[in-house]
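Chain by chain, the residues:
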Amino acid sequence: MYGPNVKKPGTYAANCLLARRLAERGVRFIQLYHMGWDQHGNLPKAIRGQCSDTDQPTAALIKDLKQRGLFEDTLIVWGGEFGRTVYSQGELTAENYGRDHHPRCFTIWMAGAGIKKGMTLGETDDYSYNIVKDPVHVHDLNATILHLLGIEHTRLTYRYQGRDFRLTDIHGELVKQVLA
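Being a predicted model, the structure only gives us computed values, none of them experimental.

A short note on the environment of Y160
Alright, step 1. Summarising the element assignment, Y160 is placed in strand β7 (residues 158-160).
Alright, step 2. C-alpha separation for the pair Y160 and L75, spaced 85 residues apart in sequence, amounts to 32 Å.

A word on the packing of helix α1 (residues 12-24) against helix α2 (residues 43-67)
To describe two helices that pack against each other, one gives the angle between their axes and the distance between the axes.
Alright, step 1. Two elements in contact, α1 and α2, have axes whose closest approach is 8 Å; the angle formed by their N-to-C orientations is 15 degrees. With respect to α2, the element α1 is oriented roughly parallel. Relative to α2, α1 is oriented so that their crossing is right-handed. For the pair formed by α1 and α2, the contact residues are Y12, A13, C16, R20 and A23 on the first element and D53, T54, P57, T58, L61, D64 and L65 on the second.

A word on α2
Each α-helix turn comprises 3.6 residues. Residues three or four places apart therefore point the same way.
Alright, step 1. With 25 residues, α2 extends 35 Å from end C-alpha to end C-alpha; this agrees with the ideal 36 Å at 1.5 Å per step.
Alright, step 2. Here α2 has its buried residues at L43, P44, Q50, T54, P57, T58, A60, L61, I62, D64 and L65.
Alright, step 3. Close packing links the buried residues of α2 with α1, β1 (76-79), β3 (98-102) and β4 (108-111).
Alright, step 4. Following α2 by one or two positions, G69 adopts a phi angle in the positive range, close to 70 degrees.

A few points about the pattern of salt bridges
Alright, step 1. Tallied over the entire structure, the rule returns seven salt bridges.
Alright, step 2. One salt bridge in this structure joins R20 and E24, with 3.2 Å as the shortest N-O distance. In this pair, R20 and E24 are both assigned in helix α1, four residues apart and thus about one turn of the helix distant.
Alright, step 3. Look at E24 and you get partly exposed, because its relative accessible area is 36%.
Alright, step 4. Taking the shortest distance from any N to any O, the salt bridge between R68 and D64 comes out at 2.3 Å.
Alright, step 5. Under the relative-accessibility criterion, R68 is labelled partly exposed at 38%.
Alright, step 6. With a relative accessible area of 3%, D64 lands in the buried category.
Alright, step 7. Residues joined by salt bridges that share partners form a network here, namely R20, E24, R25, D64 and R68.

About the thresholds
Residues numbered from 1 in each chain as written. Predicted model: local features only at pLDDT ≥ 70, side-chain atom pairs only at ≥ 80, totals over all residues. Heavy atoms only, no water. Helix = DSSP H or I, 4+ residues; strand = E, 2+ residues; numbered from the N terminus. Axes fitted to C-alpha atoms, helices over the stretch in contact; angles between N-to-C directions. Parallel < 35°, antiparallel > 145°, perpendicular 65-115°, else oblique. Left-handed = near helix turned anticlockwise from the far one by under 90°. Contact = heavy atoms within 4.5 Å. Expected span 1.5 Å × (residues − 1). Buried < 20%, exposed > 50% of the residue type's maximum accessible area, 1.4 Å probe, protein only. Salt bridge = Lys/Arg side-chain N within 4 Å of Asp/Glu carboxyl O.

Quick look at the structure:
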């Protein structure tokens, strides 16, 4: 179910299966990495390879968690390093072009553990450059993830040198639209 690379140690597929096994054993936090998403060139070929590596194992992990009754208690957060522009970086040819980093718009998806199913929140302009609808600040995203993990982010506040600090700085509101 996890794909042809599931028996190859260190692959994303093998790590997805390992993540399921860790979740079954009560491990509370599991983080998976898949390197190489930084396609400043050779995007058409590279993105197909990345998706081939990740799509089937990720779908299998979710299906497996659901079959075992673990999905409702497991928060899955999928994200990359930056947002990406829709316009090309470098020379534009059919086989070799890339996309640049984008600091204003960032896409993630979340599933399980109290996330509303099948919804999209937020929208960018046609160039993926500016947020035009329902922006979510990183502090609000962090507060929401902590909430879904059972942590009230405001209770983590501590005072140091006359200033309040916490994981969400002194900000952070729950993004209630995404909560089931």
